Amino acid sequence: MTRRNYRGTDIQVSFDADLCIHARECVRGLPAVFNRGRRPWILADNAPTEEVTRVVEDCPTGALQYRLLDGSPGEQPAATSGQAGAVDGARAGDRGGDVTRLTNG
Ligand code: SF4
């Protein structure tokens, strides 16, 4: 399972393509931030943090998650069900985002 990170100034959004059902709530909800025709497809700084969190929370599958970077409460859990495990922090620069691989065990 691969989760890619998209870091903004105040918020980091992460995306796991394996969980995405392409329902497009994100793209319709906040096209300035979520645009599948652009690389990187998530630009977390393109809208106020509150709007980004609202749209991420509307993702029906947990494919999108966020973490506030000011250390305040309101961070989402890093993993949804079945994703517990170590993070190896591998990166992939060719797609415009960081990659975090979650492994069981
Ligand atoms: S809202 Fe979630 S499930 Fe729907 S397209 Fe966006 S990332 Fe995929």
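As the structure is a prediction and not an experimental result, all values here were calculated from the model.

Brief notes about the overall build of the protein
Moving on, step 1. Check the secondary structure of the protein and you find two helices and six strands.
Moving on, step 2. When the helices and strands of the protein are listed from N to C terminus, the series reads β-β-α-α-β-β-β-β.
Moving on, step 3. For the protein, the residues scored as buried account for 23% of the 105 residues in total.
Moving on, step 4. Contacts in the protein between residues far apart in sequence, at least 24 positions, make up 52% of those at least 6 positions apart.

Brief notes about the site of the ligand
Moving on, step 1. Close to the ligand lie C20, I21, H22, A23, R24, E25, C26, C59, P60, T61, A63 and L64, which account for all nearby residues.
Moving on, step 2. Split into classes, the residues belonging to the shell around the ligand amount to eight nonpolar, two polar and two charged.

Some thoughts on the confidence of the model for the protein
Moving on, step 1. Per-residue confidence for the protein gives a mean pLDDT of 80, with 69% of residues at or over 70.
Moving on, step 2. Within the protein, the lowest mean pLDDT, 35, falls on strand β4 (residues 86–87), and the highest, 98, falls on strand β2 (residues 11–15).
Moving on, step 3. Predicted confidence is poor over residues 78–96, with pLDDT under 50, and the contacts of this stretch with residues over four places away or in other chains come to 23 contacts.
Moving on, step 4. Within the model, pLDDT remains below 50 along residues 101–105, and this stretch shows 14 contacts once partners closer than five positions in the same chain are excluded.

A word on the environment of Y6
Moving on, step 1. Tracing the chain through its elements places Y6 in strand β1 (residues 2–7).
Moving on, step 2. Classification of Y6 by C-beta neighbours within 10 Å gives buried; the count is 22.

Calculation criteria
- Residues numbered from 1 in each chain as written.
- Predicted model: local features only at pLDDT ≥ 70, side-chain atom pairs only at ≥ 80, totals over all residues.
- Helix = DSSP H or I, 4+ residues; strand = E, 2+ residues; numbered from the N terminus.
- Buried ≥ 20, exposed ≤ 12 C-beta atoms within 10 Å, placed from the backbone.
- Contact = placed C-beta atoms within 7 Å.
- Near = placed C-beta within 6 Å.
- Nonpolar A, V, L, I, M, F, W, Y, C, P; charged D, E, K, R; others polar.
- pLDDT = per-residue confidence, 0-100.

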